[in-house]
Amino acid sequence: MLDIKKIRNNSNEVTQSLVRKDKNLSINHILSLDNDLKSLTTELNNLQAEQNSKSKEVGILKSKGESTELVFKDLKVLSDKIKDLEKEQRSLSSNLKNALLEIPNTPHETSPDGLSEKDNIVVSEKGVKKDFNFEIKDHIELGKQLDILDFEVAAKMSGSGFPLYKGDGALLERALINFMIDYHLKNFNYTEFFTPYLVKPESAVTTGQLPKFSEDMYHIEKDDLFLIPTAEVPLTNIHKDDILKVKDLPKYYLGYSSCFRREAGSYGKDTRGLLRVHQFNKVELVKFVEPENSYKELKLLVKQATNILGLLELDYRIIELCTGDLSFAAAKCFDLEVWAPGEKKWLEVSSCSNFEDFQSRRGNIRFKNNEGKLDFLHTLNGSGLATPRIFAAFIETHQNEDGTISIPDCLQPYMGKSEIK
RNA sequence: GGAGAGGUGGCCGAGUGGCUUAAGGCGCACGCUUGGAAAGCGUGUAGAACGCAAGUUCACGCAGGUUCGAAUCCUGUCCUCUCCGCCA
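Treat the numbers as computed from the prediction; the structure is a model and nothing was measured. Throughout, residues of each chain are indexed from 1 in the direction in which the sequence is written. Labels are handed out in written order, letters beginning with A for the chains and numbers beginning with 1 for the ligands. Thresholds applied to this predicted model are a pLDDT of at least 70 for local features of residues and 80 or more for the giving and counting of side-chain atom pairs; totals over whole chains, interfaces and linings are not thresholded and use all residues. In computing side-chain values, all of the structure's heavy atoms are included and hydrogens and water are not.

Peer 1: Hey, could you go over the sheet that holds strand β3 (residues 198–199) for me, with residue numbers and the actual values?
Peer 2: In this analysis, strands are considered paired if DSSP registers two or more bridges between them. A run of H or I in DSSP becomes a helix once it reaches four residues, and a run of E becomes a strand once it reaches two; helices and strands are each numbered from the N terminus. If you walk across this open sheet you meet the three strands as β3-β5-β4, and the pairing is antiparallel. On the outer flanks of this sheet lie β3 and β4 (219–220), each paired with one strand and no other. Note that β4 and strand β5 (residues 225–227) share two bridges and pair antiparallel. Across the sheet, histidine 219 pairs through a bridge with phenylalanine 226, a residue of β5.

In structure tokens, the structure reads:
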């Protein structure tokens, strides 16, 4: 959520920034609601002040045993007027709040201009794109041949988009998850969480999925709970309504979870095999930091996620998202992509974003700054990482001519073997 | 699913219709004291809106209602805790 004061005092600047994300965005309705609310509030406050002082008179008159009839007459008129205005104020202020919740975050000034993913910038590429001197297979073929992935059986029980990992496939998936968790815990100061998978609507409002993107999540109607699309949601809401101490910042939280996404409207678009699924596994990294440090922390976050790809001996590149491709809540974002030689595609496996105070305003997550004042802190998150596309790129990259998969050193302790055959 | 208790400032906690502009404590800040620290003493501090400020108003989970006036009474709702039931 954007700061209404900032919108009010710098409306041109905010508009200019927002249209970099989406040229159709406008905040005019917000400005007019805010204006109405402001003048109404002023009027109401004056009436309330009058009511307060007159009511006090009642107490004094009564204690003296004098008649209160005259004052009551005035007060009754005032009271009715105030009630009307209060009703109007409530409705205006809730309209304003709802409108604000629909406005995306403004992009950071350094986020490059652009309309779509075509305009994203490749920051760096460690994509040697290993040479194969044999006919390589894609992950679907490999998965079938090695009997480690079974999409047909999965579809029988759940429909399309739900992978079933089998034997060494299940082992590899589990090894990847454990390796990634351990890596972050050992090398950086993360606290591990195992979170609920179902959250209340307000939790999804904090992180920005609601109210705008309810179609993207699975909803349990009977209990009005949403299946988490990422552990970012519960991890961020750990501190909803909290006031953190500046000496406790930054806070680094890590959580593995299954993630559930309806992927409505994306049928037929890169949905082969593991490329786009309704349920997948992800190790998520969330940071709560002081505003002045958030961009430094973003850099570090990208590095923390990237290191994993190097250790897994995958080819990858870092992409900086242009304004038009930034998510609703992000001010700046770097994506990590791995090269899947079988698919002959770059696959997005991580998104590292700085949300600045956008989420913390929505979730009322504050800290006491050095001057003792309460302020909204900055939140960041990044996947560290999402497994299904890693899995695909992994078996495609490490396949051998005889159809076996070599396991890189970092994963061997978790697999208990050096190849899948 | 059934029964009960409760939700007040950063935290704890008093408060059952009108000097509550929310007592008291903890914490925090500053000062005194001290060789230094702790303790002690003193002073201050408290969320939100509008405003340069003075100030005004709002805020006692949330939403309604009663009343001239609500933290306090009524209704609904959400959440937390305890007990019972069910259960991996």
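Peer 1: Can you tell me about the protein's contact with RNA strand B, naming the residues and giving the values?
Peer 2: Residues are counted as near a molecule or strand when any one of their heavy atoms sits within 4 Å of it. Residues in close proximity to RNA strand B total 21 residues, the closest being Arg8, Asn45, Gln48, Ser79 and Arg90. Each atom of RNA strand B within 4 Å of the protein was classed as base or backbone; sugar and phosphate made up 75%. Polar contact is the term for a pair of N or O atoms within 3.5 Å; when the atoms are in protein, one must be able to donate a hydrogen and the other to accept it, and sequence-neighboring residues count only if both atoms are side-chain atoms. Arginine 8 has a polar side-chain atom sitting 2.4 Å from a phosphate oxygen of RNA strand B. Glutamine 48 places a polar side-chain atom, nitrogen or oxygen, 2.8 Å from a sugar or linking oxygen of RNA strand B. Counting residues per element, the surface near RNA strand B draws most heavily on helix α3 (residues 28–64), at nine residues. Of the residues contributing to the surface near RNA strand B, the split by class is six nonpolar, six polar and nine charged. Polar here means any residue outside two lists: the nonpolar Ala, Val, Leu, Ile, Met, Phe, Trp, Tyr, Cys and Pro, and the charged Asp, Glu, Lys and Arg; Gly therefore counts as polar.

Peer 1: Could you give an account of the environment of arginine 317, with specific residues and numbers?
Peer 2: Note on placement: arginine 317 falls in strand β9 (residues 316–320). Accessibility expressed as a relative area gives 17% for arginine 317, which makes it buried. Through-space distance from the C-alpha of arginine 317 to that of leucine 235 is 27 Å; in sequence the pair is 82 residues apart. Throughout, a residue-residue contact means that at least one pair of heavy atoms, one from each residue, lies within 4.5 Å. Not counting the four nearest positions on each side in its chain, arginine 317 is found in contact with Val122, Ser124, Glu125, Asp335, Leu336, Glu337 and Trp346. Buried residues are those whose accessible area, probed at 1.4 Å on protein chains only, stays under 20% of the maximum for their type, while exposed residues exceed 50% and partly exposed ones sit between those limits.

Peer 1: I'd like a rundown of the packing of helix α7 (residues 168–187) against helix α12 (residues 387–397), residues and numbers included.
Peer 2: The description of two packed helices rests on the angle between their axes and on the distance between the axes. The convention used is that axes are lines fitted to C-alpha atoms, helices contributing only their stretch in contact, and that angles between N-to-C directions extend from 0 to 180 degrees. In the contact formed by α7 and α12, the axes pass within 11 Å of each other and the chain directions differ by 115 degrees. The element α7 and its partner α12 pack so that their crossing is right-handed. On α12, the residues that touch Gly169, Leu172, Glu173, Leu176, Ile177 and Met180 of α7 are Thr387, Ile390, Phe391, Phe394 and Ile395. A breakdown of the residues in the contact of α7 with α12 according to their chemical character gives eight nonpolar, two polar and one charged. By convention the crossing between two helices is left-handed if the near helix lies anticlockwise of the far one by an angle smaller than a right angle, and right-handed if it lies clockwise.

Peer 1: I'd like a rundown of the pairing of strand β7 (residues 251–260), residues and numbers included.
Peer 2: Counting buried positions along β7 gives ten out of ten residues, so the element sits mostly inside the fold. Direction of pairing for strand β2 (residues 191–193) relative to β7: parallel, over a ladder of three bridges. Paired with threonine 191 across the two strands is tyrosine 253, which belongs to β7. Where β7 and strand β8 (residues 279–289) come together, ten bridges link them in antiparallel fashion. Bridging from a neighbouring strand, serine 258 pairs with asparagine 281 of β8.

Peer 1: For the sheet that holds β9, give the residues involved together with the corresponding values.
Peer 2: Across a sheet, paired strands are connected by hydrogen bonds in the backbone, their directions being either parallel or antiparallel. Strand order in the open sheet formed by eight strands is β1-β9-β10-β11-β14-β8-β7-β2, with mixed pairing between adjacent strands. Single-partner strands in this sheet number two, and they are β1 (121–126) and β2. Pairwise comparison of adjacent strand axes, ignoring direction, gives a mean angle of 20 degrees for this sheet. Running at roughly 10 degrees to β8, α7 makes contact with β2, β7, β8 and β14 (378–386) of the sheet. In this fold helix α10 (residues 294–311) packs onto β7, β8, β9, β10 (332–340), β11 (345–356) and β14, with an angle of close to 5 degrees to the strand it touches most, β14.

Function cannot be inferred from these measures alone, as they are strictly geometric.
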